Amino acid sequence: MLLAITAVILGFVLLIWGADRFVHGAAGIAATLGVSPIIIGLTIVGFGTSAPEMLISGFAAWQGNPGLAIGNAIGSNITNIALVIGATALVSPLAVQSQTLRREFPLLVAVQVGVLVFLLNGTLTRLDSFILLAALAVFMGWTVYVAHKARRNDPLRVEMEHELVPTMRLGTAVLWFLVGLGILLFSSRILVWGAVTIAKAFGISDLIIGLTIIAIGTSLPELASSIVSARRGEADLAIGNIIGSNIFNVLGVLPIAGVIHPILLPSEVLTRDYPIMLALTLAFVLMGVGLRGGRGRITRLEGAILLACFVGYEVLIYLSL
């Protein structure tokens, strides 16, 4: 048991560090090759921040633990909104000014409702998974198009250009990319092993471990980066990271597991977890676009409400054990 706990802790530490190096290297390669910062931010960084969830999902499905993969994807989305956005808004209210983000808010809802249609029969087949991965490719293409058309003074574009300045040579960027990828693969493997071992020892389902420990752990980088961005006055960047991550989670993390191993969904996913994720997403979107059609602003009070929802959800999970 001690070895499994150590594997989980070490796995999280390496996972966070490896993801940072992976994104740093990938962004450096793209910047060196002349890709614009906003496209790097909306595609490469968005993909990179979801890479830990994707790898954990893949390893979990490969080992015959699909519940861990499902819990990881849905739990990460719940944690991103209720904990990350809630805590960030509590530290510094988040004003949404970017027109690019205002276009992505409805898309976030549409994607999650669309994925629900595939899950209503209680299974996620390989065909379903390939369709969702194709939808992810379409989303990436649409994101590049929107980013290319964004006005030069769009706040999200300005913030990304400020953050994603090329600072390394191509060789260094490639090295960090490969190092980060290697660390991600290793840390995901030991983290899944440790989590499954702990779940079996305590008689807890893989789904619960994925919804709680794994989801919270893989969302810690988003929590740290969102708070830092908000304190710098880069609220659009903080919110954009969460929107991108949540779309990647349902269009990338879930189907990766389904491609490796068709998934029979636990009943509570459709009766408890997915509806809660959708409700939080709708609340997030309403706050972000403005309840009365004005400029969206997530206040400290709304942040506190989201945090209370997160605590309530964790209590609900505990009571269901």
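Here goes a summary of the coordinates provided. For clarity, every value in this text was computed on a predicted model and none was experimentally measured.

**Considerations on the overall build of the protein chain**
Piece 1. Along its length, the protein chain carries 11 helices and four strands.
Piece 2. Here the protein chain holds 321 residues, and 55% of them are scored as buried.
Piece 3. Look at the contacts in the protein chain between residues 6 or more apart in sequence, and 88% of them connect residues 24 or more apart.
Piece 4. Of the accessible surface of the protein chain, which amounts to about 13300 Å², a share of 71% is contributed by carbon and sulfur atoms.

**A closer look at the nonpolar core**
Piece 1. Judged by nonpolar contacts, the single largest core of 80 residues is most densely connected at Val115, Ile239, Leu251 and Phe284.
Piece 2. Per-element accounting of this core gives the leading share, 13 residues, to helix H3 (residues 66–91).
Piece 3. Not counting chain neighbours up to four residues away, the residues in contact with leucine 251 comprise Val111, Val115, Leu132, Leu133, Ala135, Leu136 and Phe139.

**Quick notes on the packing of aromatic side chains**
Piece 1. Taken as a whole, this structure holds three aromatic pairs when the rule is applied.
Piece 2. Seen in terms of ring centroids, tryptophan 17 and tryptophan 176 are 6.1 Å apart; in terms of plane orientation they differ by 75°. Their pairing is edge-to-face. Taken together, the residues span a long stretch of sequence, with tryptophan 17 in helix H1 (residues 2–32) and tryptophan 176 in helix H7 (residues 170–202) at a distance of 159 residues.
Piece 3. Ring geometry for phenylalanine 139 against phenylalanine 248: centres 6.2 Å apart, planes inclined by 85°, an arrangement best described as edge-to-face.

**Some thoughts on the pattern of salt bridges**
Any two side chains of opposite charge can pair, on the condition that their charged atoms come close.
Piece 1. Enumeration according to the criterion identifies one salt bridge in this entry.
Piece 2. The salt bridge involving arginine 272 is made with aspartate 273; its shortest N-O contact spans 2.7 Å.

**With respect to the packing of helix H4 (residues 99–119) against helix H10 (residues 267–289)**
Piece 1. Contact pair H4 / H10: the axes reach a minimum separation of 9 Å and the direction vectors enclose 165°. Our classification of the angle between H4 and H10 gives roughly antiparallel. Here the hand of the crossing between H4 and H10 comes out left-handed. Seen from H4, the contacting residues are Arg102, Phe105, Leu108, Val109, Gln112, Val113, Val115, Leu116 and Leu119; seen from H10, they are Leu270, Tyr274, Met277, Leu278, Thr281, Leu282, Phe284, Val285, Gly288 and Val289.
Piece 2. In terms of residue class, the contact of H4 with H10 is made up of 15 nonpolar, three polar and one charged.

**Observations concerning the environment of glycine 67**
Piece 1. Within the element layout of this structure, glycine 67 appears in helix H3.
Piece 2. In this structure the C-alpha to C-alpha distance between glycine 67 and glycine 210, which are 143 residues apart in sequence, comes to 7.2 Å.
Piece 3. Setting aside chain neighbours within four positions, we find glycine 67 in contact with Asp206 and Leu207.

**Concerning the side chain of aspartate 128**
Piece 1. Looking at the secondary structure, you find aspartate 128 in helix H5 (residues 126–149).
Piece 2. Look at aspartate 128: it is buried, it has no salt bridge, and the nearest opposite charge is arginine 126 at 11 Å.
Piece 3. With near-sequence residues (within four places) excluded, aspartate 128 lies in contact with Phe118 and Thr123.

**Overview of a nonpolar patch on the surface**
Piece 1. Among the surface-exposed residues, Met1, Ile5, Ile9, Val13 and Phe202 lie close enough to one another that they form a single nonpolar patch of about 500 Å² accessible area.
Piece 2. Of the residues forming the nonpolar patch, the biggest block, three residues, is contributed by H1.
Piece 3. Looking at the element boundaries, methionine 1 is found in the segment before H1.

**Quick word on the packing of H3 against helix H8 (residues 206–231)**
Piece 1. Remark: H3 packs on H8, axes separated minimally by 6 Å, with the N-to-C direction vectors making an angle of 35°. Handedness of the crossing formed by H3 with H8: right-handed.

**Thoughts on the environment of glycine 244**
Piece 1. If you trace the backbone, glycine 244 turns up in helix H9 (residues 235–260).
Piece 2. For glycine 244, a relative accessible area of 10% gives the class buried.
Piece 3. Note: C-alpha distance between glycine 244 and glutamate 104 (140 residues apart in sequence) is 8.7 Å.

**Some points on H7**
Piece 1. In this model, H7 (33 residues) spans 48 Å end to end at C-alpha, consistent with the 48 Å of a helix rising 1.5 Å per residue.
Piece 2. Backbone geometry just after H7 places glycine 203 at a positive phi near 70°.

**Some words on H8**
Piece 1. For H8, which comprises 26 residues, the first-to-last C-alpha distance of 36 Å matches the rise-based estimate of 38 Å (1.5 Å per residue) to within 8%.
Piece 2. Maximum bend of H8: about 40°, positioned at leucine 220, with proline proline 221 one to four residues after it.
Piece 3. Positioned one or two residues after H8, glycine 233 has a phi angle of 80°, which is positive.

Thresholds applied
Residues numbered from 1 in each chain as written. Predicted model: local features only at pLDDT ≥ 70, side-chain atom pairs only at ≥ 80, totals over all residues. Heavy atoms only, no water. Helix = DSSP H or I, 4+ residues; strand = E, 2+ residues; numbered from the N terminus. Buried < 20%, exposed > 50% of the residue type's maximum accessible area, 1.4 Å probe, protein only. Contact = heavy atoms within 4.5 Å. Areas by Shrake-Rupley, 256 points an atom, 1.4 Å probe, with all protein chains shown as cover. Core = buried A, V, L, I, M, F, W, Y, C linked by side-chain atoms within 4.5 Å. Phe/Tyr/Trp six-rings, centres within 6.5 Å; stacked < 30°, edge-to-face > 60°. Salt bridge = Lys/Arg side-chain N within 4 Å of Asp/Glu carboxyl O. Axes fitted to C-alpha atoms, helices over the stretch in contact; angles between N-to-C directions. Parallel < 35°, antiparallel > 145°, perpendicular 65-115°, else oblique. Left-handed = near helix turned anticlockwise from the far one by under 90°. Nonpolar A, V, L, I, M, F, W, Y, C, P; charged D, E, K, R; others polar. Lys, Arg positive; Asp, Glu negative; His and termini not counted. Patch = residues over 30% accessible without salt bridge, like charges linked within 9 Å, V, L, I, M, F, W, Y side chains within 5 Å. Expected span 1.5 Å × (residues − 1). Bend = angle between axes of the 7 residues up to and from the residue.

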